[in-house]
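# Descriptive structure summary
What follows is each chain in one-letter form.
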Amino acid sequence: MASKIEQVIGAAAALAKGMTVTLGEMLQPAITEGYPDEPPRFQERFRGLHVLQRDENGLEKCVACFLCSAACPSNCIYIEAAENTAERRISAGERYASVYNIDYNRCIFCGYCVEACPTDAITHGHGFELASYDTASLVYRKERL
């Protein structure tokens, strides 16, 4: 009989502890974001939409090394390389990405592509509004990045 009483006391203690946490949270001021009216605040480590960077001369930093594509666990990055010419210079390296697509239907925002890039050509921005009814519109091409 004593074990039954101990169980009831233990359950009551757990219930009291849970109610203490609940009441403590209820008395705290509400933290709300005024999203459409106020711009959201982002942490420095936030991983949003990808951004393809350019150097100080306006050339693309991407040299089509395919390391970001190889590092991506969800295979959402597709790159086609082309050679730079003396008349038409797109990037500082020998090659540039003539096609650079990111499929946000598959992207998990892990950041491996950013870590793998030796030229810091791809970074995470603060874009977060990705909702779409059309999945084809979630494939971002180089011009959109």
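Our subject is the structure that appears above.
To keep things clear, this report deals only with the structure shown in the data block. (Residues numbered from 1 in each chain as written. Predicted model: local features only at pLDDT ≥ 70, side-chain atom pairs only at ≥ 80, totals over all residues. Heavy atoms only, no water.)

### Focus on the pattern of salt bridges
The full count for this structure, using the stated rule, is three salt bridges. One salt bridge connects E60 with R54, and the closest N-O pair in it is separated by 3.9 Å. Looking at E60, the relative accessible area reads 12%, which means it is buried. E60 is paired through a salt bridge with K142; the nearest N and O atoms lie 3.0 Å apart. One end of the pair, E60, is in the loop between β1 (50-52) and α2 (67-71); the other, K142, is in the segment after β5 (139-140), with 82 residues separating them in the sequence. Among the charged side chains, a salt-bridge network with shared partners connects R54, E60 and K142. (Salt bridge = Lys/Arg side-chain N within 4 Å of Asp/Glu carboxyl O. Buried < 20%, exposed > 50% of the residue type's maximum accessible area, 1.4 Å probe, protein only. Helix = DSSP H or I, 4+ residues; strand = E, 2+ residues; numbered from the N terminus.)

### A look at the side chain of N84
Residue placement: N84 occurs in the loop between β2 (77-83) and β3 (95-103). Under the relative-accessibility criterion, N84 is labelled buried at 12%. One polar contact links the side chain of N84 to the main-chain amide nitrogen of I90, over a distance of 2.9 Å. What N84 contacts, discounting residues up to four positions off in sequence, is R89, I90, S91, G93, E94, R95 and Y96. (Polar contact = N/O pair within 3.5 Å; in protein donor to acceptor, adjacent residues only side chain to side chain. Contact = heavy atoms within 4.5 Å.)

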